[in-house]
Each structure stands twice: as structure tokens, then as C-alpha cells.
Amino acid sequence: MIERQLQPLLHELVGVVFAPTSALGDATGQIRPTGVQGVFHADARVLSRAELRVDDQELENLTRGDGGPHGAHFVGLARWLGDPVPDPTVRVDRLRRATRNGLTEELRIVSTATVGVRATVTIDLGCDLAPIEVVKSGGAAAALEAKTGQPGVLTWSAEGITVTVTASGADVLATDDRITAPRLAWPVELPPGGETVLRWQLTVEDPRAVVVGPTGDPEWSRPEVAADDRRLVRLLDRSLDDLRGLRLAETGAPEDVFLGAGVPWFLTLFGRDSLWAARMMLPLGTDLAAGTLRVLARRQGTRIDPSTGEAPGKILHELRRHELALPDHGLRLPPAYYGTVDATMLWVNLLHDAWRWGLPADQIEPLLPYLEAALRWLGEHADPDGDGLVEYIDTTGHGLSNQGWKDSGDAVRFHNGTLAAAPIVLAEVQGYAHEAAVNGAALLDAFGRPGADRWREHAAALTRRFRDSFWVDGRYGPQPALALDRDKRPVDSLTSNIGHLLGTGLLSGEEEDQVAELLTTDTLAGGFGLRTMSTEDAGFSPLSYHCGSIWTHDTAIVLAGLARAGHREAALGLAEGLLSAAEAFDYRMPELYGGDDRSLVNRPVPYPAACRPQAWAAAGAVLLLQAATGLYPDVPGGTVRLTPLAGAELGALTVNGLRVANTPVNVAVDRTGQATVTGLPTPLTPTLPTQRRHPIPQPH
């Protein structure tokens, strides 16, 4: 039998994060030298082991809980110590906290025994400095030798990284067979009813890291929320704590903050993820959007380079300290990789939406040259065969074969399960492109720059081309295909991708109505959210990464699109799915989870390798809050649209501390759905939406 190297599972691990540091251990609090457990800092595992024992015995696990925004709290029992009675009399509380450059642990040993307690508390450590891609592929690295110096201090060094553990009052054992598995040891003596606290900390010096943790408080407001559905409050609170821990900046530019994509694999700059997360966070302020836009603008492509996917005007896909090589997957990505088809349009759309939310003109104007370059990429490089549609293909043979947000190799499948051949033309990417052309034109007009008419014409031509090429006949009537393949054949599976078309302007009102109907079928919406692929497609699997699972951000984006377009019942159904899933996941939403039917397991099935926390999953809570309040500002236009999802089904909702044009704004929705907004900056006034309807297209 051939032995496989498999990606380690994550779903039962407990994580803490304060970017660029994160730690993953088991439910008892142990960090064991197996799988993906360890402490990571900027793409390197800086600690591969931290196992606590008392008298060389592991504690009996009792429970665990939150330890603040960057922490976790574990409770264990030492039942062999203390009084010989049925009730435990010696417990150990282990409080772990991530810091920007390491980790701290506090061990509180408490005795309620009537006799004195003597014991030896130990922590066994290990460090391998394994690169994240080695860990992700199921590989291992040799443990490094520890060095001792001052009392209670251990160090490891390699690849320019220095890792230091300091443990006041501890004996350090790091010779002979313990040179690669050093031990910290504290002798403990407690009087009857006594307690003591032991501490150790990990610090990392990593001058070659490409990302750092920014200083100061988060760039967004933290609103006060009262809701009949308490799940919404709990989800928002936990999500904002997680987002606080995912803040990053580029080395050398700490003032421009963005969100790292997720723990543990993607805690760095990802164009698509960071842009979507910043866009979702706009109801809490525009500063995060501004930082994300600037950091990606600085790395905007300037030349044609097939080896990296770079092209003039193109926005970066991901940034690493070194080449990311996953041989088993055929991947070898350069440190700065541009293999994304959608990030450039998403950059334009974030700039536009931040402007609508009140990003000041003096922050927009320096970005206008980058806007124009992004639009040139859309017009000159995004459509290499000149057919009017945006497409992609990996020409290197070792990049991402799929370059939309569903970027796994098997993500683009026909209804019969066969894979589509590249170049691929994705449906939602055409929506992003249409939106970017229209939004770019609006910005050019507003700031007196030439060329707006060209992009409005581009958008109109794209609308016609999409309508002629993508609509096919499906079981539930006309539907947009997932994609076109290299022969421009519609890839006729029914997927969540079509939900991303809502609100992009690519569809008529009647077409949006039809898409909403498709999104509410049980085949897509029968789980705890929106399935990525219909259960009736041959490629469907509930635990496929992109062909049947449910992604938190995907569901939130589609939910928001449905709510904004007035499809209340459809949006409420997805909202209930997300809130039910949040409850099952202790309100820390994973990147994705299983697409099983609700009636099958009665709770969402974890996807075992999902990142958690993850930026656009956590930011989805803010997008859900925005849909619930129905607050849609247009600061340059002087209006605010107010169409809440909250009301009879979702319940009453009050939110104090949203931000429009950097001004605190409050929204209250009663149980009948009547909404009021206060605090709007002058001269903004609430308005009611209008809707247009056009015929549903027939398949070609």
C-alpha cells in the first residue's frame, strides 16, 4: 500500500491568534508534536511542542473556554493529589495568550485539600521551524537543538529566526537526550487550601518576515448591539475579537493595516480575501479599507511576467517570505504571486464602496492612478482572446489551475461531473468586471478624470456578451452557467457562484429574480447556509472543498445580495442557516463546513481542514449585521437607503456605533420592520429604493 502524505486535520484543535502569531493545540491544551499543532509566526512553526505534566502525568481534562480576544483557557484535574475523597481537590488552570511576537502561558495550581500538596510541574518543549507549506502537506521537520544560557531561558535559531522561551523560577533540562526536547520544571509545594501561579513565555525575532503585527487599536468601531436573536450578538462579538487578532501590516509600512486571510495556512496578505473582508467591514469604518487598498496598490503589477502571473495594473494574489512549494499538489508559487483573476476588480469595487461609505477625497485621490491602471488591466490583459469576457489560464504548469475564489483544481465541473478545460471564464468574475467598469467610471467622473464613457460602454458590452453566452436551461428554469470552458461551452452545473452576480448590475431585475429562485432551491439552500454546488450535480460532495461544502463568506455575500435586491425570504433563510451554524461552532465561524442536509445530522459537519478563525468568514458577521439593519449609504450622492432585513422573522434590532463618513450612526428596527436612523452627518437623508424589472432571458 502506498503511504499518503495528507494535510493535517484542524477541526478539533483550539486556536489563539494575534497576527502574525497563532497557536494550535488539542482540546486539553496540549501542543503535541504531531500534525499541524504548534505555534506559528509569519509562515514558520516556531514551537512544535508544549506538553504540560504534573508528576510526569497528564491532567484529566475538564473543560475549556475563551481567554479573551487572543486567548484560550483550559481546566484540568490532578486527582492523584490532595485529599483521598471523591471530589477533586487539585485543579490546574492553563491560560494561553498569543502576542504579536510570541505566546504566554499562565499555570494556576489551586488546592482545596486539607493536606499539603507537593508536586513537580513540567512543560516539554520542541522547535522545528518547519515552513508552513511543509506542515500543510503533512510533512515534518527535524527538531532543532536547544541552547541554554541564563537561568530559565532556552533558545533556538535557524533561517534567520531566533526563538526564546523564558520561564522564571523553572529549572531547564536541555542536555543529552533532552537537547531537542528540553523540559521546564517547577517544584511546587502548596499548604492546605493554597495556590500558586507559574508563567512562561515565548518570543520570536524574525527580521525576514514580510508581515508584522500593527500597533494600536483596530481601525473599526465596535458597535453596541441589542437583538431579539441573541445569536447575532454573540456571533458579532466573537467575530470582532477574531478580526482583531487577524490584523497585519507589511514590514516597513505598519500604518497600512489589512486582514490576514486565516489561521494557520493563510496568515498573510491575500488580495482577494483581504479585499472582501475589508469590503464587508465598511459599516464599521473606512480605515481598514484604505489601508488594504494602499498596501495592494504598492504591489500592483507593472510588467508582464508569466512566472509570477504579474501584469501591468494587476492586483496581487498572495505574499509569502519565500517560494511556496506543495509538490504533491503540483504547486510552486513565487513569494509574490499574481495568479488571481478577480482581485483587480475587487480592488476597484472596494475603492468605490469605501467612497460611498465616506472615505475622504484626500485618501482617494492618491489611489486614482492605481485605479486607472487596474481598469487598463481589465481592458488590455483580462481578455487575451478578445471575445469580451474575462478569463484565466495558468501557463506555468505549477501555479493555480483555477484562479477565482473557488481555486481548487476540481472546482469547475459540468453537471455530469467532468472537469472544464482552461482557459476558464467564470460567471461571477464577469459580474465583478461589470461592477468594476461601472464603479470605475463613477470614480473617474467624480474626480474629473477622463475615460468614464469607455468603461460604461465596456460594461454594456459585457452585459450583452454574458446574456448571450451564459444562460442555459436547467431543471428549475433558465440559469447562469458556472463558467465557460476553453471551447466557450457553458459549464452547466448549478452553483453558488451565480449568487455573486446579484447587485453587480450585470443582470436585469427579472434575471436577478430568477437567480434568487435558483438560490432558494433545497439543492443549494438545504444545508446550514448556501452549498457551493447543487446536490443534483454529479460532482457534488458535502465535504468537497468547492463542490458541495458551505462557505461562510459565500453565504454571507449572497445573503447580502438577496437582501439588497429585496428578496427578503430568501435572505432570511440563509441568515437562519448561518446563525444556526454559528451556534454549533461556538460562534467562531470556520472558513467552510459540510454541505449535508439539515435533517441528516441536525448540526453542521465540520470540514476537517478549514481555517478557523478566518477573515472573510468572521467579517461575514458584519455583512449580516448590515443586511439586518438595511443601511446602504451613498455619501457622495447625499442619500442613505434604509431597507432592513430585521423585523418580524429576525426580530427587533438596535445597533449603536455604525460609521458613515467617519460619524457614529445608530439604527433601530422594531418587530414590525419599521426602522429609524439617527446621527447621520449632514446633509445625508434616508431614501426608499426603486426596482426595475426586465424579461428573463431564454437559453441560447
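Up top you'll find the structure we're talking about.
Conventions we followed
Residues numbered from 1 in each chain as written. Predicted model: local features only at pLDDT ≥ 70, side-chain atom pairs only at ≥ 80, totals over all residues. Heavy atoms only, no water. Phe/Tyr/Trp six-rings, centres within 6.5 Å; stacked < 30°, edge-to-face > 60°. Helix = DSSP H or I, 4+ residues; strand = E, 2+ residues; numbered from the N terminus. Buried < 20%, exposed > 50% of the residue type's maximum accessible area, 1.4 Å probe, protein only. Pairing = 2+ DSSP bridges. Axes fitted to C-alpha atoms, helices over the stretch in contact; angles between N-to-C directions. Parallel < 35°, antiparallel > 145°, perpendicular 65-115°, else oblique. Left-handed = near helix turned anticlockwise from the far one by under 90°. Contact = heavy atoms within 4.5 Å. Nonpolar A, V, L, I, M, F, W, Y, C, P; charged D, E, K, R; others polar. Polar contact = N/O pair within 3.5 Å; in protein donor to acceptor, adjacent residues only side chain to side chain. Core = buried A, V, L, I, M, F, W, Y, C linked by side-chain atoms within 4.5 Å.

K.L.:
Go over the packing of aromatic side chains with me, naming the residues and quoting the values.
P.N.:
Evaluated as defined, the whole model comprises 9 aromatic pairs. A ring pair is formed by W355 and F447, whose centres lie 6.3 Å apart and whose planes are at 55°; its orientation type is tilted. Linking W355 in helix 5 (residues 343–357) with F447 in the loop between helix 8 (427–446) and helix 9 (452–469), this pair joins segments that are 92 residues apart in sequence. Summarising the burial analysis for this pair, W355 and F447 share the class buried. Centroid distance Y545 to Y607: 5.6 Å. Interplanar angle 40°. Geometry classified as tilted.

K.L.:
Could you give me a rundown of the sheet that holds strand 17 (residues 211–212), with the residues and numbers involved?
P.N.:
The strand order 17-19-20 describes an open sheet built from 3 strands, whose pairing is antiparallel. The sheet is open, and its two borders are formed by strand 17 and strand 20 (253–259), each paired with just one other strand. Where strand 19 (residues 247–250) meets strand 20, 4 bridges bridge the pair, whose relative direction is antiparallel. Residue pairing in the sheet places A249 in a bridge with V257 of strand 20.

K.L.:
Tell me about the packing of helix 5 against helix 7 (residues 368–380), and please be specific about residues and values.
P.N.:
Following both chains from N to C, one finds helix 5 and helix 7 inclined at 140°, their axes separated by 9 Å at the closest point. Classified by the angle their axes make, helix 5 and helix 7 are oblique. You can see that helix 5 and helix 7 cross each other, and the crossing is left-handed. Taking contact as the criterion, the partners of T344, M345, W347, V348 and L351 in helix 5 are, on helix 7, Y370, L371, A374, W377 and L378. Grouping the constituent residues of the contact of helix 5 with helix 7 by class yields 9 nonpolar, 1 polar and no charged.

K.L.:
Hey, could you go over the pairing of strand 8 (residues 90–99) for me, with residue numbers and the actual values?
P.N.:
Most of strand 8 sits inside the fold, with 7 of its 10 residues counted as buried. In this sheet, strand 8 lies alongside strand 7 (residues 71–77) in antiparallel orientation, the contact comprising 7 bridges. Residue pairing for strand 8: F74 is matched across the bridge by R94. As defined by bridge partners, strand 8 adjoins strand 9 (residues 102–111) across 10 bridges and the pair is classed as antiparallel. Residue pairing across strands places R94 opposite L107, the latter belonging to strand 9.

K.L.:
Residue-level account of the environment of R178, with values.
P.N.:
Tracing the chain through its elements places R178 in the loop between strand 14 (171–173) and strand 15 (183–190). Between the C-alpha atoms of R178 and P478, which are 300 residues apart in sequence, the distance is 67 Å. Among residues more than four places away in sequence, those in contact with R178 are D124, L173 and R183. Here the side chain of R178 touches A181 through a polar contact of 2.8 Å, landing on its backbone oxygen.

K.L.:
Let's hear about the nonpolar core: which residues, and what values?
P.N.:
Membership of the largest hydrophobic core comes to 165 residues, with the highest contact counts inside it found for W347, V412 and L631. Of all the elements, helix 15 (residues 615–629) adds the most residues to this core, at 12 residues. If near-sequence neighbours (up to four positions away) are discounted, W347 is found in contact with L275, L293, L296, A297, I315, L367, Y370 and L371. Counting 47 residues, the second-largest nonpolar core is a separate cluster that includes V14, L47, L52 and I123.

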